Amino acid sequence: MRIAVLAHGAFPGRAKTAIGLLRDPKVRQDDERLERLVGVLARSTDRLQSFVRDFLELAKIEEQKVTIARKPLDLEEIVDEVIENQGVLAEDKGLELTVEPWSDFSIEGDDFVVRTGVRNLVNNAIKYTDEGSVTISVDHDVDSFRIRVCDTGAGLTEEEQRQVFQEFGRIQRMAGMKGTGLGLALVKKLVEESDGRVWVESEGEGRGSTFTIELPRKFGEPGAERTRVEAGASG
Ligand SMILES: Nc1ncnc2c1ncn2[C@@H]1O[C@H](COP(=O)(O)OP(=O)(O)OP(=O)(O)O)[C@@H](O)[C@H]1O
Ligand SMILES: [Mg+2]
């Protein structure tokens, strides 16, 4: 994975260009240009920050340093927080973002895993949808529960559906959207570390996608924590 990162180039070139321009006193006197360049730097910093965060999380999993907590979780609170943070993005694009009501049920698990999973799926659904809606729904049975994020966006062919969970598995035709391509790889590893799975369904290009995370509702020993011995296939 480290080699892939080097090939990918972690440092956004646009930030370097902006810094170069900001060194010129004449540029700094132009308020409008100054504002624009600061905007470029702010966005680059955000991207770099989330890239580093995702990268470190993946590295921790690969080095088997991740401990999956087993604590009672408030799924409604997690979904609410994601909606609050991502809702603006949906609003900006004129997308309808809805959560289908569900009847309460108890779950145990790792807050970080569920929060990271829901945040990434909702963020992607908004990012790769130009028109229509993003819908979050939840259901459960005795042993497991599922969080589903359904969108009316770019859609994925069968080949693309296999690609998106790989590290840097970005789809060429969506290259216009900003991102590093680590989000879904991280979600997959975290969910699998928690004995769950994540998958996507889509009718194909332009026909929307539905991503589902399925996790166990409870573990054998309540309240206990456990360090995984195996870190998955890649690495
Ligand atoms: N809801 C979706 N609809 C269509 N394509 C999607 C969707 N979610 C993800 N993809 C495709 O899968 C690729 C990988 O997604 P992933 O979240 O891992 O990376 P990213 O969004 O490009 O970057 P980041 O690491 O910032 O999340 C995306 O680049 C996009 O091409
Ligand atoms: Mg993403």
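Residues numbered from 1 in each chain as written. Chains lettered and ligands numbered in written order. Predicted model: local features only at pLDDT ≥ 70, side-chain atom pairs only at ≥ 80, totals over all residues. Heavy atoms only, no water.

**Details of the nonpolar core**
Phase 1 of the analysis: Counting residues in each nonpolar core, the largest one holds 47 residues, and the members touching the most others are Leu75, Val114, Val164 and Phe211.
Phase 2 of the analysis: Within the residue set of this core, elements represented by two or more residues are α4 (31–62), α5 (75–92), α6 (111–127), β5 (133–140), β6 (144–151), α8 (183–193), β7 (197–202) and β8 (209–216).
Phase 3 of the analysis: Each of two domains, domain 1 (2–62) and domain 2 (69–222), supplies a minimum of three residues to this core.
Phase 4 of the analysis: The contacts of Phe211, once residues within four sequence positions are left out, are Leu121, Ile147, Arg148, Val149, Leu156, Val164, Phe165, Leu184, Trp199 and Val200.
Phase 5 of the analysis: If you look at the next biggest cluster of nonpolar residues, it comprises 5 residues, including Ala18, Leu22, Leu37 and Val40. (Core = buried A, V, L, I, M, F, W, Y, C linked by side-chain atoms within 4.5 Å. Buried < 20%, exposed > 50% of the residue type's maximum accessible area, 1.4 Å probe, protein only. Helix = DSSP H or I, 4+ residues; strand = E, 2+ residues; numbered from the N terminus. Domains from an automatic or database assignment. Contact = heavy atoms within 4.5 Å.)

**Thoughts on unusual backbone geometry**
Phase 1 of the analysis: A positive phi angle is found at Phe168, which is not glycine, with a value near 60°.
Phase 2 of the analysis: Here Phe168 lies in the loop between α7 (158–163) and α8.

**Some remarks on the pattern of salt bridges**
Phase 1 of the analysis: In this structure the tally under the stated criterion is 18 salt bridges.
Phase 2 of the analysis: Close ionic contact of Arg146 with Glu214 constitutes a salt bridge, the shortest N to O distance being 2.8 Å. You can see Arg146 sitting in strand β6 and its partner Glu214 sitting in strand β8, a full 68 residues away along the chain.
Phase 3 of the analysis: Under the relative-accessibility criterion, Arg146 is labelled buried at 10%. (Salt bridge = Lys/Arg side-chain N within 4 Å of Asp/Glu carboxyl O.)

**Remarks on the pairing of β5**
Phase 1 of the analysis: By the criterion of burial, β5 is predominantly enclosed, with 6 of the 8 residues buried.
Phase 2 of the analysis: Note that strand β3 (residues 96–99) and β5 share 4 bridges and pair parallel. Bridge assignment links Leu97 to a residue of β5, and that residue is Val134.
Phase 3 of the analysis: Across 7 bridges, the pairing between β5 and β6 is antiparallel. Residue Asp139 lies in a different strand from β6, and its bridge partner there is Arg146.
Phase 4 of the analysis: Counting the residues between successive antiparallel strands, the hairpin from β5 to β6 contains 3 residues. (Pairing = 2+ DSSP bridges.)

**Observations regarding α8**
Phase 1 of the analysis: The element α8 is extensively covered by neighbouring structure, given that 9 of its 11 residues are classed as buried.
Phase 2 of the analysis: When α8 is considered as a whole, its buried residues turn out to be Gly183, Leu184, Ala185, Leu186, Val187, Lys189, Leu190, Val191 and Glu193.

**Details of the sheet that holds β8**
Phase 1 of the analysis: Sheet architecture is open: 5 strands sit in the order β3-β5-β6-β8-β7, paired in mixed fashion. Only two strands of the sheet have a single neighbouring strand rather than two, namely β3 and β7. Recorded for the sheet is a direction-independent mean angle of 15° between the axes of neighbouring strands.
Phase 2 of the analysis: Taken together, the 8 bridges between β6 and β8 define a ladder with antiparallel strand orientation. When the bridges of β8 are listed, Ser144 appears paired with Pro216. (Axes fitted to C-alpha atoms, helices over the stretch in contact; angles between N-to-C directions.)

**Regarding a negative patch on the surface**
Phase 1 of the analysis: On the surface, Asp74, Glu76, Asp80, Glu84 and Asp104 cluster together into a patch of negative charge.
Phase 2 of the analysis: Locating Glu76 in the fold gives a position in helix α5.
Phase 3 of the analysis: Accessibility expressed as a relative area gives 46% for Glu76, which makes it partly exposed. (Patch = residues over 30% accessible without salt bridge, like charges linked within 9 Å, V, L, I, M, F, W, Y side chains within 5 Å. Areas by Shrake-Rupley, 256 points an atom, 1.4 Å probe, with all protein chains shown as cover. Lys, Arg positive; Asp, Glu negative; His and termini not counted. Charge placed at Lys NZ, Arg CZ, Asp CG, Glu CD.)

**Details of the confidence of the model for the protein**
Phase 1 of the analysis: When the pLDDT values of the protein are averaged, the result is 89; 88% of them are 70 or greater.
Phase 2 of the analysis: Segment residues 227–235 is flagged for pLDDT under 50; beyond a separation of four residues in sequence, or across chains, it makes 18 contacts in the model. (pLDDT = per-residue confidence, 0-100.)

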